[in-house]
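Letter by letter, the chains look like this.
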Amino acid sequence: MKRSIEAVQAMPEDKYLHKIRELQMESVISRKIKQQNMDQKKNTYQPEDVQLYCRNCFTDVASGSDLRTVERAHHVNVNPYFKIYYKVSKNPRKIGRHT
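Residues numbered from 1 in each chain as written. Predicted model: local features only at pLDDT ≥ 70, side-chain atom pairs only at ≥ 80, totals over all residues. Heavy atoms only, no water.

## Considerations on the pairing of strand E4 (residues 74-77)
The condition that has to hold: Paired strands are those between which DSSP finds at least two bridges. For the purposes of this entry, the term helix denotes a DSSP run of H or I that reaches at least four residues, the term strand denotes a run of E that reaches at least two, and both are numbered from the N terminus.
Sheet analysis places strand E3 (residues 67-70) next to E4, joined by 4 bridges and oriented antiparallel. Considered in E4, the bridge of Thr69 is made with His75. Between E3 and the antiparallel strand that follows it, E4, lie 3 residues; Glu71 among them carries a positive phi value of about 55°.

And the structure:
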């Protein structure tokens, strides 16, 4: 660690600034490429082309266009007819929260 610091401090200022700019440009380019890949994966399917099926009877219960994201975290089905297919158990399981 000490040798690296000494090597950087011994570097001429123009070479140091060039190296910093080069590293920053690499960082910006890699971030842009990563964002493009994420956007490309996100747009693989159109929401209206996606169908959700019941895992027990394989009945078509919802479409991808029925889903909305709330607060960038929760996925909600806004189709009013979805409650026909959704059953709430009489004794729901309680999930323990770790705080």
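## Here's the deal with unusual backbone geometry
Notably, Phe58 is not glycine yet its phi reads approximately 60°, a positive angle. With respect to the helices and strands, the residue Phe58 is situated in the loop between strand E1 (51-53) and strand E2 (60-63).

## Re the confidence of the model for the chain
Condition: One confidence number per residue, pLDDT, is output by the predictor and ranges from 0 to 100.
Per-residue confidence for the chain gives a mean pLDDT of 86; residues scoring 70 or more make up 98%. For the chain, E2 is the element with the lowest average pLDDT, namely 84, and helix H2 (residues 13-42) is the one with the highest, namely 93.

## Structural notes on the side chain of Ser63
What counts is decided by this rule: Whether two residues are in contact is decided by their heavy atoms, any of which lying within 4.5 Å being enough.
If you trace the backbone, Ser63 turns up in strand E2. With residues up to four places along the chain from it excluded, the contact list for Ser63 reads Pro47, Glu48, Val50 and Gln51.

## Let's talk about the pairing of E2
Strand direction decides the pairing type here: E1 and E2, joined by 3 bridges, are antiparallel. Bridged to Leu52 within E2 is Ala62. Here E1 folds back onto E2 in antiparallel fashion, the turn holding 6 residues, of which Phe58 has a positive phi close to 60°.

## Concerning the environment of Ser4
Quick reminder of the rule: Only protein chains enter the accessibility calculation, which uses a 1.4 Å probe. A residue is then buried if its area is under 20% of the maximum for its type, exposed if over 50%, and partly exposed in between.
Relative to the helices and strands, Ser4 is located in helix H1 (residues 2-10). Ser4 sits in the partly exposed class, given a relative accessible area of 42%. For Ser4 and Tyr16, which are 12 residues apart along the polypeptide, the C-alpha to C-alpha distance reads 13 Å.

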